[in-house]
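If you want the building blocks of each chain, they are given just below.
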Amino acid sequence: MKKHLFCWLVVSLPIAATFAQSAKQKVTVTDLTRIKQVGGIRIAPDGQRALYAVTTIEPNPDQKEEYDYKTHIYLTGLKPGDTKALTRGTESARQAVWSPDGKQIAFVRTVKGKGQIFVMPLDGGEAYQLTNGKYGVSGPAWSPDGKRIAFTANVSMAEMLNDSLLNPGKRGPVWSLEKPGFVNNDFVKESKAKPNPDGTLAEIRAYLNKDVEDKKAKVINRLNLQGESTTEPDMSFQHLYVVDAREGAQPKPLTRGFKSFQASDWLPSGQGLVAVTDRDSLKHPDREQDNAIVYIPADGSGRYTLVLGEAGKSYYAPEISPDGRQLAFLTSPAQGVNFGQIGLAAFTGTAVSGMQLVTFDRAAGNLTWTETASPKGKKAVATYAIYFTAPSNGGYPLYRLDPGTKQVTQLTDVNTGVSNFDVAGSTVVFAKTEVVNPSELYVADAAGKNQVKLSSHNDWVAQRTLSFPEKRTYKNSIGQTVEYWIMKPAVVEAGKKYPLLLNMHGGPTAMWGPGEPSMWHEFQYFCSQGYGVVYANPRGSGGYGLNFQRANVKDWGTGPTEDVLAAATDAAKEAWVDTSRQVITGGSYAGYLTAWIVAHDNRFKAAFAQRGVYDLTTFMGEGNAWRLVPNYFGGYPWEAEAQKVLDANSPYTFVENIKTPLLIKHGENDLRTGVIQSEMMYKSLKILGRPVEYVRMPGATHELSRSGNVRQRIDRMLRIYEFFERYIGPDAQGLTQK
């Protein structure tokens, strides 16, 4: 019925429709700076208010054409337009949480480069700084009685060795630091020798240690040596602390030793918390891949008790029911291609029983308990539900799990995305992404119905001409249904032909769709520039179940290529598509896939490979995501059979076949995939005399397109557009592939 009404309006009111369309503007590249992201939602204990955070992009007042990310905390009365900013200023405020009585909030703000907890009374008065930790703090969590706040601090190896509270006796770890030629970590013992390059062996060692302190050398003995932007010779550890919620109080550590504790949750009794840590404390943390859930008493003793742990498995994301009698968590095999399954167990505070896994073939996250019915009378029992989100079929729906029946109900659709939420009783407050708006705050009932928009942070989008994706499906050669979407140019003139852009996601377990927030602006920008866009979720993508996600094991190239090219082939049949002007791009794993495709298919006039992986053997050495190699390809490069698979799946193996004009981009400090492979690809194509250009972004990491320097994010999109226009634009000089 709605479709027929729309057609009638177009036919009956052509002049009005044309006028309305012309009044709107196209999405511009700098509209990126206007997008505000909603998150950090916390409903008040009384259920009548909620905190949330808004992240904006603001011009840097001291540097022309540069921008800063700012996050501030807002309060809403759960009615449309009833929102106000609680924090402001040059320093961001984040991770806001309510006190149990709803009279105060705690949040984190950066002071002298370190995160510190502030407490703000909501009945008036200024926020005061609660902590002044030398390590910086994050993740504040009020105790159930409102008298204490737990938090985490990140402590470096050097700091651990000298911290008598976290490391009584200032000893080294019980596991080996794996420095060749030393036994029992003897080298970490304090030496009184003075640095002297011409002195004794002890003095030479002191001199070399001084060079490390003065950043003249990095000495690496650990396995996971790459961070996101630089090599990290020394590891760091997350520890739990607790502090009384009053000015002047001194925090005390709840955990100790050379291991990390994270994802903590208070017991309702307030006697302790559950958290996640390495299962085997005798293993080097770089080698231990099994996670365990532990109970940590809040008395500061430093002890902990194993709650859930098993060799070869990871248990994480623990969430305790409001009555303290049940524990929800996620679990998966520690190695291989997997995602977490929801687990439930009876909980005593220090132990579990009757553990059961919930049948749900999606990657659940953000588990949140809520009470659905309060007990009335002596025999009545409170009932609870668990809300969570998961990627599915192009969106991020909200789900509800009944712990008693283990039944899961989908509450919101797959055409939108719930990026953050909180639930209390019959009220759900959430941030939603959809085609018509990239991020706004909504409230709904317990079933996700009767949604009401509360904020207007991105209402400027209503003045833009948008393109709406059309969903289609393809049955691939192994019998799987592949979903893809086609977006027309924002304005299509009758009889005119337009270029088609095949845009592909990374991961490889990422998932795109109308409810995925990170690509909203890029898709709309290219449609506004007169491009059609087609994107698909090929085999290996998340959001379609474990078998679908594992369908590209030992096959990163051929199978996924079949799926994305099938989508491109179908899109090219549209009457508005100029089949002689097709282009292709993708980042990370999709940078890999871009290079693979142009080495095996010649339909594209130009290609842009972003921050990709091109030689899997090299990737294992230079990328911090190196475990993808054994997990997906069944072994290591020094194993003959595995090496054959790695070579057969590496785009670099087929570099001589690449004749499509190719632009290669990488962040200078990208250590997730590493830059050497992109240099290899560029240099080889240059030697072969192929049309290739290489762009390196100074200071940029792998997150360039999502959370990196804003000017570089704008540069990235413009470079895609400008490069393609060289070959398919109106000024293209009839350039053809060699």
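This structure is a prediction, so every number in the text was calculated from the model and none was measured.

Student: Teacher, can you tell me more about the overall build of the chain here?
Tutor: When helices and strands are counted, the chain shows 13 helices and 38 strands. Its C-alpha atoms give the chain a radius of gyration of 27 Å, near enough to 27 Å, the size a compact globule of 738 residues would have. Here the C-alpha coordinates of the chain stretch approximately 80 × 75 × 55 Å along the principal axes. For the chain, the residues scored as buried account for 51% of the 738 residues in total. Taking contacts inside the chain between residues at least 6 apart in sequence as the whole, the part at least 24 apart equals 56%. If you sum the accessible surface of the chain, you get close to 33,300 Å²; carbon and sulfur atoms cover 51% of it. Here the chain contributes 83 positively and 74 negatively charged side chains, and the mean placements of these two sets differ by 2 Å.

Student: Is there a simple way to think about the nonpolar core in this case?
Tutor: Where a protein is soluble and globular, its nonpolar side chains tend to be buried together. One finds L502, M504, V534, I584, I597 and M681 to be the most contacted residues of the largest nonpolar core, which totals 50 residues. By residue number, the principal contributor to this core is helix 8 (residues 589–598), which donates 8 residues. Excluding residues within four positions of it along the chain, V534 makes contact with Y484, W485, I486, L500, L501, L502, N503, A567, A568 and A571.

Student: Please explain the pattern of salt bridges as it appears in this structure.
Tutor: Where charged atoms of side chains with opposite charge meet at close range, the side chains can pair. What the rule picks out here adds up to 32 salt bridges. Notably, a salt bridge pairs E66 with R711, separated by 3.8 Å at the nearest N-O pair. With E66 in the loop between strand 3 (50–59) and strand 4 (67–76) and R711 in helix 13 (residues 710–728), this pair connects stretches of sequence that are 645 residues apart. You can call R711 partly exposed: its relative accessible area is 39%. Three or more residues joined by partner-sharing salt bridges are found here, namely E228, R672, E703 and R706.

Student: Hey, could you run me through the sheet that holds strand 8 (residues 114–121) in this one?
Tutor: Either a parallel or an antiparallel arrangement is found when strands of a sheet pair, and the pairing is made through backbone hydrogen bonds. Here we have 4 strands laid out as an open sheet, ordered 6-7-8-9, and antiparallel in their pairing. Single-partner strands in this sheet number two, and they are strand 6 (93–98) and strand 9 (128–129). Bridge analysis of strand 8 against strand 9 gives 2 bridges, and the strand direction is antiparallel. When the sheet's bridge partners are listed, V119 is paired in strand 9 with Y128.

Student: Please explain the environment of V695 as it appears in this structure.
Tutor: Relative to the elements of secondary structure, V695 occurs in strand 38 (residues 692–697). On a C-alpha basis, the gap between V695 and I664 in space is 6.2 Å, while along the polypeptide they are 31 residues apart. When sequence neighbours within four positions are dropped, the list of residues in contact with V695 reads L663, I664, K665, H666 and R719.

Conventions adopted
- Residues numbered from 1 in each chain as written.
- Predicted model: local features only at pLDDT ≥ 70, side-chain atom pairs only at ≥ 80, totals over all residues.
- Heavy atoms only, no water.
- Helix = DSSP H or I, 4+ residues; strand = E, 2+ residues; numbered from the N terminus.
- Rg over C-alpha atoms; globule rule 2.2 N^0.38 Å.
- Buried < 20%, exposed > 50% of the residue type's maximum accessible area, 1.4 Å probe, protein only.
- Contact = heavy atoms within 4.5 Å.
- Areas by Shrake-Rupley, 256 points an atom, 1.4 Å probe, with all protein chains shown as cover.
- Lys, Arg positive; Asp, Glu negative; His and termini not counted.
- Charge placed at Lys NZ, Arg CZ, Asp CG, Glu CD.
- Core = buried A, V, L, I, M, F, W, Y, C linked by side-chain atoms within 4.5 Å.
- Salt bridge = Lys/Arg side-chain N within 4 Å of Asp/Glu carboxyl O.
- Pairing = 2+ DSSP bridges.

Everything listed is a geometric property; what it means functionally is a separate question.
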